[in-house]
Amino acid sequence: MFFDDKRFLCKGMIIILAIGIIARVVVGLLMEYNNDVSAWAQIMANIEGGNALYNVAGYYYPPVWGYLLGLFTEITGHIGLDEWGNMVTEFVFMIPRNDADYTTPTFNLVLTMFLMISDLLVALIIYWLILRFTDDKVKAKIGFAFYFVGLHVIFICAAGGMFDSYSALFAILAVALLMTRKDVLAGMMFAMGVLLKLFPAMFIFILVAYLFKKDRECWKIRFVKAVAGAVIMIVVVMLPQILDGTFMDSLSFITARAGDVDGVAALLLKYSSMLIYPIILILEAFIAYHFVKTDTEDVDRTFLWYVFLSSVVIFIYPSTPQYILLMTPFLIIVALMYDRRFVKPLLLLTVASTIFLTSSIVVQLGGITAFWGAIPFDIWHSMYDIFYAEGLNAFMVWSAIGGVLQYISIIWVIYVALEAMGINVKRKLHIGASKTCE
Amino acid sequence: MKFFDHLPVIVAVLILAIVLVGEVIVSTDSHDDFSSSISVDGDRVDFELGSRNNHVYEVLSLRNTLETPENVFIYYDKGHISAVDKADVSTGARALDENYYVQQLVHTLEVRGINTAKIVNAEALKELMSSDGKGKSVVMLSGSIPSTVYDGEEDSLILKWIESGGRLYWLGNVLGKYISSGDSLITKENGTTLFLGAECIQTDQVWGTSTSEGDVFWDLLYFQNNETTYGVDPSKLPDSAEYKCIGYSDGTCSTFTFVTHGSGMICVVGGEYSNNQRMDLAHVIAAGIGPTTVLVEDVKGSVSGSVKGTIARGDSVYVIIGGLYTVYCENHEVI
């Protein structure tokens, strides 16, 4: 068989690694979502110019991604990457809908390789977790492959230039470290996840519930250790902002979202999220409570299932494709360890998120058009006109298809999860009731 | 296998180290990591640039520049109402209000080599404009002018100050139209004429899609803002006006218009508040671009460590390291 070899680096794994790397190289060179990637370059310039993360506008996330960009800045400086990007005059007409500054394909490739580190590490932890519970190397390697060559994982890394895989990494590490009783480190990873993009904060209930359920007698000591780790990490990460007076700027990811918005769509988004997120928090607490009350002989294995549920619940509020990466590792694990019925929605999710992400494909191909002339400007313009025509346009249709399919896959995952928990959804919803009567 | 037994710990320690190294880099990177110097050699200027990391650079030799001002003053007074529209805010971004813009501009000017920018309130502005304007620049992004220096008449302090050699960089609304007096905003019809000789400000929200005719600076200074709202329509300027348009153009107005006023100059910056506008403006101030500035020569290259070069002599040499994503600038006067 493909993976049937006791060594980790068997022939199959080498092929998977090669496919994952080559795919990222190709996509990374060809595609770039410049609205985000050029922002990373601007933040890097702010850092090198001596303005750290928040002295000059441009960086709006908590500090961890900025620190990773700090390291990336140093890497680019030492490998001879002297030109990061430029304004493309031919694309100036896109402003204000899209930005007209593009980073170079070489810059994008190096960034892709940097982001790939997190993809690789998440895939390794998936491998480790599946192996730990199943002792099945083939299954563990399939888990590795599902993530590392997952279409949406590749595109979010290489075409999107987004760092959400790091978010997934911190979350899955916190889970794995708690299981191995490395509570301080687990607390540190959890804190880093939260200070990267906040969403891993949703796992707080299930992580605390695990400590309580696993070690009823000494859970408080373990909890204090984990909190100590988190507090140390928060202080270490936030210290520069506390010292230079930009602490509140480092929280703008939260505060600005709750701030002023204009337009019906933005208002709808604001108020619907204000309504949904408290519901999600209640559901997270309920899942943790349910976990504590569940009878189980294997707490760790059950814990993984509930972590998965926690991750899915976050996405009952429709999200952009990159956020989905937070859920993906746990979905892969349950698909391979608990119920094969998750495989189909997982595959749909992979494709749907990729469709959703590539709805800006014309803009994403702007880099190779501008720097390589790979697409003649007039052809590129024609494509742009189709995608962003007045009224209903290709961009809207493409992103709507991707978004709807992505949400359908989430619903499908929830459906399978409920069925797997013995809840007959069809009966509850009276689907097929007439047939039963007959 | 032991490696895999401890995999989560190994990965956690690795990622911890990566983040902490990044944190140290972010906290220690500074303007001092770069340097530039020039020496005049006949009709040539030799330059030497230093950069710890690898970057593209650009050296511009310019003539008829306004010498780098000893002081740049940025007007901001929360006690005087401004007349600025709210800027669009990206998701997760802090709103770019007047106060934040002012802070941002100070930091951006530091990257451009101007470390002396001071924020002045309405009273301090009055004091400043009571003296000769030569060698001084005032940036006003309030959209309104405080009543301490402007009463809508020809003999207003601000107008006399510009005539004496002061430089006014204006953005945010129609120049000369609004006077702020505490909480009240007084509208002065035809106020622009006092400054520019005609009512020539465009108020429609427009974005330029081409570059200003004959301009080279849009490329050399890596301009990014192309919104021309509140820009100057040069066709309406008096025939006697000495002016220069640079940047992006909507076919009528440009993102930057420099108009000579007495011995001084007024620079009207197009567009509503944006980060791109701020970065462009900082370049223009630092490079000393004025109504008659011309490019003598530009030299491009790559620097890692240090690099030497030579360029034709002009009045000043403006150094940019990092290109569009500028990490360092310095303006050297050629004496």
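Residues numbered from 1 in each chain as written. Chains lettered and ligands numbered in written order. Predicted model: local features only at pLDDT ≥ 70, side-chain atom pairs only at ≥ 80, totals over all residues.

Participant: Quick question: what am I supposed to make of helix H4 (residues 105-134) of chain A here?
Facilitator: Think of an α-helix as turning once every 3.6 residues; residues three or four places apart then point the same way. Residues and elements named next belong to chain A. The terminal C-alpha atoms of H4 lie 42 Å apart, and with 30 residues this matches the ideal 44 Å at 1.5 Å per residue to within 8%. At Leu115, H4 shows its largest bend, some 25°. Of all 30 residues making up H4, 21 are buried, and the element is well covered by its neighbours. In the segment just after H4, Asp135 is the residue with positive phi, at about 55°. (Helix = DSSP H or I, 4+ residues; strand = E, 2+ residues; numbered from the N terminus. Expected span 1.5 Å × (residues − 1). Bend = angle between axes of the 7 residues up to and from the residue. Buried ≥ 20, exposed ≤ 12 C-beta atoms within 10 Å, placed from the backbone.)

Participant: In this structure, what is going on with the sheet that holds strand S6 (residues 145-146) of chain B? I would like to understand it.
Facilitator: Strand-to-strand pairing in sheets goes through backbone hydrogen bonds, with the strands running parallel or antiparallel. Residues and elements named next belong to chain B. The three strands are arranged S6-S8-S9 in an open sheet whose pairing can be described as mixed. The strands lining the two open edges of the sheet, one partner per strand, are S6 and strand S9 (184-187). Looking at chain direction, strand S8 (residues 178-181) and S9 are connected through four bridges and run antiparallel. Paired with Ile179 across the two strands is Ile186, which belongs to S9. (Pairing = 2+ DSSP bridges.)

Participant: Would you mind showing me how to read the confidence of the model for chain A here?
Facilitator: The predicted structure's coordinates, where accompanied by low pLDDT, should not be read in detail. Per-residue pLDDT for chain A averages 92, and the proportion of residues at 70 or more is 94%. Confidence, expressed as mean pLDDT per element, reaches its minimum in chain A at helix H21 (residues 433-437) of chain A with 43 and its maximum at helix H14 (residues 328-337) of chain A with 98. (pLDDT = per-residue confidence, 0-100.)

Participant: Looking at this model, I keep getting lost on the interface of chain A and chain B. Mind explaining?
Facilitator: Reports of interface size often rely on the accessible area that becomes lost once the parts have come together. Facing the 63 residues of chain A at the interface are 50 residues of chain B. Elements that contribute at least two residues to the side of chain A that touches chain B include exactly helix H2 (34-51), helix H3 (63-78), strand S1 (85-87), H4, helix H7 (164-179), helix H8 (183-197), helix H10 (219-244) and helix H11 (252-255) of chain A. Per element, the largest residue contribution to the side of chain A that touches chain B is ten residues, and it comes from H3 of chain A. Looking at the side of chain A that touches chain B residue by residue, the class counts come to 36 nonpolar, 18 polar and nine charged. (Contact = placed C-beta atoms within 7 Å. Nonpolar A, V, L, I, M, F, W, Y, C, P; charged D, E, K, R; others polar.)

Participant: How should the environment of Thr134 of chain A be read in this particular structure?
Facilitator: Residue and element names in this part refer to chain A. Secondary-structure assignment places Thr134 in helix H4. Thr134 sits in the partly exposed class, given 15 other C-beta atoms within 10 Å. Sequence separation between Thr134 and Lys426 is 292 residues, and the spatial gap between their C-alpha atoms is 31 Å.

Participant: Explain the packing of H2 of chain A against H3 of chain A to me, please; I cannot follow it from the model alone.
Facilitator: The description of two packed helices rests on the angle between their axes and on the distance between the axes. Residues and elements named next belong to chain A. For the pair H2 and H3, the least separation of the axes is 9 Å and the interaxial angle reads 75°. When the axes of H2 and H3 are compared, the pair comes out roughly perpendicular. Across from Trp40, Ile43, Met44, Ile47 and Glu48 in H2, the residues of H3 making contact are Gly66, Leu69, Gly70, Phe72 and Thr73. Residues belonging to the contact of H2 with H3 are distributed by class as follows: six nonpolar, three polar and one charged. (Axes fitted to C-alpha atoms, helices over the stretch in contact; angles between N-to-C directions. Parallel < 35°, antiparallel > 145°, perpendicular 65-115°, else oblique.)

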